[in-house]
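# Summary of the model geometry
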Amino acid sequence: MAANPSLPTNVVRSPRKAPSSETQTLPIPAKWRMGQGFVLLLILAFAAFYHLRGWIPQPGGMDTGGRTVSDYVGFIVLAGLTWFATPTAGTIAITSFTEALRRRWVLGFLGFSVVVLLCSGSLTFVQLGEEQRFLQDFGTGFIIAMTVLISIFLGVTLIPPEIERRTIFTILSKPVNRLEYLVGKFLGLCLTLLFCMVVMGGVFLSVYLVFNLQKNGSSAWTVGTASAPTATLGFQMMQLFKALVLNYGQLVVLGSLSMLLSLVVTPITAITFNFLAYFGGQMSSYWNTLGGDGHDHEGEAGRHLSGPMQNLVKVLYYALPRMDHFDVRQSMVTDSTISVAQVWKAWSSGLIYVGVLMVIGYLVFSDREF
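### Some details on the overall build of the protein chain
Across its full length, the protein chain holds 15 helices and zero strands. The burial tally for the protein chain puts 44% of its 370 residues in the buried class. Considering only contacts within the protein chain whose residues lie at least 6 apart along the sequence, 80% involve residues at least 24 apart. Total accessible area computed for the protein chain in this model is approximately 19,400 Å², and 69% of it derives from carbon and sulfur atoms.

This is how it looks when you write it as structure tokens:
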């Protein structure tokens, strides 16, 4: 009689350990790398344009202080995100995008915003004589408020539900590493926020265009061309478009902060800290001057703070995102030209902040035991 087969011994499997396939990834197709190379060339071309001409303020625009090192670091971060956007991360991003649009509260926010923006043209009676200014302020402010809420609540609830439902084990058991998973979730969040911005921004710009054409007719495109170029409809539409681009930048920053906080604290705590970071970031200039680095009376007052308190204010200044860079309400009120340099400097500081948060998030997520 044949001997009984020996049973394997010393085989211990820990359910908490990540599957061995987690460290394996699918090979990246050559066509995908060619597409990434094309995008990287576009980033390089924009960097060259910014280096040669983009940083020069336009007549009547705000002085941005010339080029800085952080402006070029922003290009590096953008190129890094492009390179790490693998096909697997792209699949996760598309899945996260479709799942986000299936959430009723997201569609509710979006539907409510569209209805309010469509009706915004009929609310200009509130400020007679300044109907266009009121419509600009109301439209941009409303879009900022609604998209900030979507960014914070969606970013906080993107990853924790998959950990609670244990579906993350199914995902990581496939050839998906944690970096691809995190990048894919972040790109999915950015895609959802971009969709919301395109819908809200498109509706608002259409309403603003129709309102001006009904008020001034086709002459709205040429009124004030010689005497006051800022009075033309084309200039105002471009100003509003740049303001929406800047608003999307702060949404990306808030989304990355929401994702990071959702990995280390409870959702309620993460939401609270996000709101504090948003409103605190709007006061970055105040923290800078209060820390003693400003040149006005607040900076002088900051120099009289005690050493530990002054250091605490400086830490707060560097820890908070520079949300004030994305605020162009003063430029719109004074009809100052929002230059390419102003837009990119805000985006560059935001991308650096996003890059730091993504690195911290990966370090936290890679060592986390579910």
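So much for the structure itself; the text now carries on.
### Some words on the side chain of Gln-136
Topologically, Gln-136 is positioned in helix H5 (residues 131-156). A polar contact is formed between the side chain of Gln-136 and the side chain of Tyr-208, at a distance of 2.8 Å.

### Overview of helix H3 (residues 87-101)
For an α-helix the count is 3.6 residues per turn, leaving residues at separations of three or four pointing the same way. End to end, H3 covers 21 Å across 15 residues, agreeing with the expected 21 Å (1.5 Å per residue, within 8%). In this fold, the buried residues of H3 make contact with helix H4 (104-119), H5 and helix H8 (178-216).

### Some thoughts on the nonpolar core
Proteins that are soluble and globular tend to have nonpolar side chains buried together. Counting residues in each nonpolar core, the largest one holds 85 residues, and the members touching the most others are Ile-159, Tyr-181, Phe-186, Leu-246, Tyr-248 and Trp-347. Leave out the neighbours within four places in its chain, and Phe-186 touches Leu-81, Val-252, Ser-256, Met-259, Val-354 and Met-358.

### Here's the deal with the pattern of salt bridges
Scanning the entire structure with this criterion turns up three salt bridges. Its salt-bridge partner being Arg-322, residue Asp-324 comes within 3.1 Å of it at the nearest N-O pair.

### Re the packing of aromatic side chains
Counted under the stated rule, the structure contains 17 aromatic pairs. Among the aromatic residues, ring-to-ring pairing joins Phe-46, Phe-49, Tyr-50, Tyr-72, Phe-75 and Trp-344 into one connected group. The ring of Trp-83 carries the charged tip of Arg-33 above its face, separated from the ring centre by 3.8 Å.

### Section: the packing of H5 against H8
Closest axis-to-axis distance for the H5/H8 pair is 11 Å, and the angle between their directions is 170°. In terms of orientation, H5 lies roughly antiparallel with respect to H8. Considering the relative orientation of H5 and H8, their crossing is right-handed. Its residues assigned to classes, the contact of H5 with H8 comprises 13 nonpolar, 11 polar and two charged.

Parameters at a glance
- Residues numbered from 1 in each chain as written.
- Predicted model: local features only at pLDDT ≥ 70, side-chain atom pairs only at ≥ 80, totals over all residues.
- Heavy atoms only, no water.
- Helix = DSSP H or I, 4+ residues; strand = E, 2+ residues; numbered from the N terminus.
- Buried < 20%, exposed > 50% of the residue type's maximum accessible area, 1.4 Å probe, protein only.
- Contact = heavy atoms within 4.5 Å.
- Areas by Shrake-Rupley, 256 points an atom, 1.4 Å probe, with all protein chains shown as cover.
- Polar contact = N/O pair within 3.5 Å; in protein donor to acceptor, adjacent residues only side chain to side chain.
- Expected span 1.5 Å × (residues − 1).
- Core = buried A, V, L, I, M, F, W, Y, C linked by side-chain atoms within 4.5 Å.
- Salt bridge = Lys/Arg side-chain N within 4 Å of Asp/Glu carboxyl O.
- Phe/Tyr/Trp six-rings, centres within 6.5 Å; stacked < 30°, edge-to-face > 60°.
- Lys NZ or Arg CZ within 6 Å of the ring centre and 35° of its normal.
- Axes fitted to C-alpha atoms, helices over the stretch in contact; angles between N-to-C directions.
- Parallel < 35°, antiparallel > 145°, perpendicular 65-115°, else oblique.
- Left-handed = near helix turned anticlockwise from the far one by under 90°.
- Nonpolar A, V, L, I, M, F, W, Y, C, P; charged D, E, K, R; others polar.

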